[in-house]
Amino acid sequence: KVHIYELDPFFLPILENEEETGRFISVSINLLLSNGVLGKNIDKVLPILRNSIYVILRRKNSNEFSLQRANIEKRIKKEILTATNALLLSGAGTVTDVLFTNFMIK
């Protein structure tokens, strides 16, 4: 059985030198879990997890989004995976993958 944890979408401006560029990123994320119980652990740290993902997305600058889309998605996916697993209790399971159901740059 596949265990997926769906996060509410993220929508934020893309910054360059702390200034808004007029461009935005919209991302919908599902986390692939190693077991079904892990979702309850994620519920406990959800505000911290969402903030961590927000910080990851926020610190990307417009130049990084100009790179090949596959590269930026891969880098963001890896950062989210690392940050998420760092928040979870040891031995409770892991997030095995980050799935983007929407990754739009406007």
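Keep in mind that this is a model prediction, so the values were computed, not measured.

Reading guide: rules and limits
Residues numbered from 1 in each chain as written. Predicted model: local features only at pLDDT ≥ 70, side-chain atom pairs only at ≥ 80, totals over all residues. Heavy atoms only, no water. Helix = DSSP H or I, 4+ residues; strand = E, 2+ residues; numbered from the N terminus. Rg over C-alpha atoms; globule rule 2.2 N^0.38 Å. Buried < 20%, exposed > 50% of the residue type's maximum accessible area, 1.4 Å probe, protein only. Contact = heavy atoms within 4.5 Å. Bend = angle between axes of the 7 residues up to and from the residue.

Participant: Let's hear about the overall build of the chain: which residues, and what values?
Facilitator: Along the chain, the regular secondary structure elements total 3 helices and 4 strands. Ordered by position in the sequence, the α and β elements of the chain form the string β-β-β-α-α-α-β. Against the globule reference of 13 Å for 106 residues, the chain gives a C-alpha radius of gyration of 14 Å, in line with a compact fold. Seen through its C-alpha atoms, the chain measures out along the principal axes to roughly 40 × 25 × 20 Å. Scored against the burial criterion, the 106 residues of the chain give a buried share of 36%. In the chain, of all internal contacts separated by at least 6 residues, the share reaching a separation of at least 24 is 69%.

Participant: Tell me what's going on with helix 1 (residues 38-58), and back it up with residues and numbers.
Facilitator: Within an α-helix, residues lying three or four positions from one another point in the same direction, as the helix has 3.6 residues per turn. Where helix 1 bends most, the angle comes to about 75°, and this point is Val45, followed within four residues by the proline Pro47. Taken residue by residue, helix 1 has Leu38, Gly39, Asn41, Ile42, Val45, Leu49, Ile53, Ile56 and Leu57 as its buried positions.

Honestly, it's all geometry; don't read function into it.
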